Structures are given as structure tokens and as C-alpha cells.
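# Structural characterization, general
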Amino acid sequence: MKYNFLGNSGLQVSELGFGAGTLGGKGPLFSAWGQADQTEANQMIASCLDAGINYFDTADVYSDGESERMLGKALTNQRQDVIISTKVAIRTDEQVNHVGFSRNYLIHAVEQSLKRLNTDYIDVLQLHQFDSFTSLEQLMKSLDQLIQSGKVRYIGASNFAGWQLMKAQAIADRYGYEKFTAHQVYYSLIGRDYEWELMPLNDDQKIGAVVWSPLGWGRLTGKFDRQNPLPKQSRLHETAQFAPPVNEEYLYQVIEVLKQISDEIGYSVPQIALNWLLKRPTVATVLIGARNQQQLQDNLQANQLELSVDQIQRLDRISAVYPPYPYYPYWNGQFFERFNSIVHSQFIGKI
């Protein structure tokens, strides 16, 4: 297992991390993700530890807190050797103030997560989604105070837009508060929007990307392709409403190249899709989830293969999506040289 620095925190995290969203299986969404009980959770987490994984990610909203409880139990004897990340801010009950970034709720949410995880500190606390109703000045001060209290050691965001993340960083810099060192993002071979704005921002601000759903919400498992489309009865139908839409033809083209490379090197489609992400700039850790031990063992082999330059380029080309303004690549030296030449010949030269 290789280890990367989480931003500029000095904290080293395994390039593959374990996403505990499949533990517990409570509720329609999370039961579709997985329904591992404590015994199976213990087995999967033991396999992760044996493989060298030290980064474990969960959230208070996963299976009504059951994911945190199960993860805490499984890691009791290894607490000092692992990094536990959890996320807060999404509503977990009907209490009017139990949502968002207010100081009142953040303190409450952290206290509850600490109890469920059976620990006295959270290594990485991440904000699960942006809250536009709470001032970022209050938020960054509250997070800094949680760090000063010892209950939280590092902070991160999840699913923020570029301006939201950068504004928070600027406020922290202005007042001397702790800055974000992690940003949990959706990134996959069929979801490369992260590259347009968030990747350059993370590089500039020295923030490590924690990648969720690296297999595109189960679309890159290798089970589905042009000849074998998604069946009418599939858990993907239950979770699709939460996933970014993907053009079917685009998906099949990416899968075809993945299968070609799979035939060439003898590794599975998901292993190749995961490995492609491990080489991407700013990526600190890629979260692998698993419904069972067999899936986990397959995913754990993703860092064992070595894609050739040609294979990486083929995956890059087939998965490339033309970015929107102002991110498209016209605004470079070659464009301006050509533009100036046209302007001079057609207008200035005739004056």
C-alpha cells in the first residue's frame, strides 16, 4: 500500500480508503448500498487493515448512525493506528436545528458522532454539503474551536463548489483559523467534472481529494455493457436518482476500452477504473466500498497493477468530456497567437 499526504497537513493516508456507507443497511438508499452486519463489517475492516488501509470514512447520516457505530466497534483495538473520517451537516432527524453549519448543531453533531464511534476524537471532520444559511465566518471559527478543544484534528469539506471552498479558505487565512486539508469529491472515469475547477483549486490550496463513488455509482463494475444493459431489477435503479446522469453511449464507449485493457493485462474492469484514479493529480485517497468480502478483495487489488502510458492515454481520451466556459482549453497561448494574427490581418492591417 502506498501512502499520500492529505493536502499539506503532514498526515499520510493510504491511497485506497474504506468507505463505510455499506455498513448497517438502514433506509432505502443505504440498504441498496449494502447490508453488512457487524460480523461481516469486522471481517471486511480486518482485510483492509491487513492490506495496509489506514483511512476509514463514514457519516452520521449513513444508516441512521449505524455505520459509525459499527465502524467504531470494528476499530476499537486499532484506534491509535487508523484515521477515522466522518461527515456532518445533512439532516438526520426532525429537530428543526439539526442540520447545517450552525455552531449549535456542529457541536451537537460532533458529540453524537464521538459517542457512536466510541472515541474521544475525530481525525478528519468533513462537512457533508454546503449550508448557505450560516455565515462562513461563524463556520470557520466554530471548526477552529472544535480543533482547539481536541475533539477534531483536521477539517475538510465535501461536495463544495469552488467558490464556496475558496471563500472558506480565505476567511480562515484572514483570521488565522484552521484551513481545510481535505475535500471529498465525486470523481470517476465517467465523471470528470472535478478536473475543471476543483482540481486546480485543490492543487493551489494544497487540499487532498478524497474520492467517493470511484466506480460511477456501480456503472463501472464490468457487469453492464452494450450487450448486457442494466436489468429492470437492479439496486442501481434505487440509487440512480442520487447519481449524476451519464449518457448511455458515452458509458458504453468507456466500458469497451476498460474491457479491452482488462483482456490485455488480466485485471478486472473495476480494478482498472480504480487504478486510473490513483494516478490523478491531487488525489490523496480513493474510497472503496463493498457489499461483501468478495467485492472488497477484488477492489483491494486495484493498486497492484501498472497501466502503461498508452493504456492511460486511451482511457483519458475515451472518457474526456468537453468542459463548459470558462474552462475549455481555448484560452491558451496558441489561441491568442492565432486570434491576434486574424485580428491583425483582417482589421488592423487594413486601417
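Residues numbered from 1 in each chain as written. Predicted model: local features only at pLDDT ≥ 70, side-chain atom pairs only at ≥ 80, totals over all residues. Heavy atoms only, no water.

### Points about the packing of helix H6 (residues 162-175) against helix H7 (residues 198-205)
Condition: Axes, fitted as lines to C-alpha atoms, cover a helix only where it is in contact. Angles between the N-to-C directions of the axes lie from 0 to 180 degrees. Comment: elements are numbered from the N terminus, with helices defined as DSSP H or I runs of at least four residues and strands as E runs of at least two. Comment on the angle field: the value is read as roughly parallel under 35 degrees, roughly antiparallel over 145, roughly perpendicular from 65 to 115, and oblique elsewhere. Helix crossings get a hand from a simple test, with the near helix turned counterclockwise from the far one by less than a right angle marking a left-handed crossing and a clockwise turn marking a right-handed one. Residues are treated as being in contact if the distance between any of their heavy atoms lies within 4.5 Å. Under the convention adopted here, Pro, Cys and the residues Ala, Val, Leu, Ile, Met, Phe, Trp and Tyr are nonpolar, Asp, Glu, Lys and Arg are charged, and Gly plus all remaining residues are polar.
Their axes nearest at 10 Å, the elements H6 and H7 cross at an angle of 15°. Here H6 lies roughly parallel to H7, going by the angle between them. Crossing geometry of H6 relative to H7 is assigned as left-handed. Contact residues: Gly 162, Leu 165, Met 166 and Gln 169 in H6; Leu 198, Leu 201, Asn 202 and Gln 205 in H7. Residue composition of the contact of H6 with H7, by class: four nonpolar, four polar and no charged.

### Description of the pattern of salt bridges
How we decide: A side-chain nitrogen of Lys or Arg and a carboxyl oxygen of Asp or Glu constitute a salt bridge if their distance falls within 4 Å. Burial classification: accessible surface area is computed with a 1.4 Å probe over protein chains only, and a residue below 20% of its type maximum counts as buried, one above 50% as exposed, and the rest as partly exposed.
Per the stated rule, a full pass over the model turns up 14 salt bridges. With its nearest N and O atoms 2.6 Å apart, the salt bridge here joins Glu 68 to Arg 116. With Glu 68 in helix H3 (residues 66-74) and Arg 116 in helix H4 (residues 103-117), this residue pair connects regions lying 48 residues apart in the sequence. Among the residues examined, Glu 68 registers a relative accessible area of 0% and is labelled buried. Here Arg 116 falls in the buried class, since its relative accessible area comes to 19%. The residue Glu 195 makes a salt bridge to Arg 280 at a minimum N-O spacing of 3.2 Å. Of this pair, Glu 195 sits in the loop between strand E8 (182-186) and H7 while Arg 280 sits in the loop between helix H10 (269-278) and strand E10 (283-288); the two residues are 85 residues apart in sequence, bridging distant segments of the chain.

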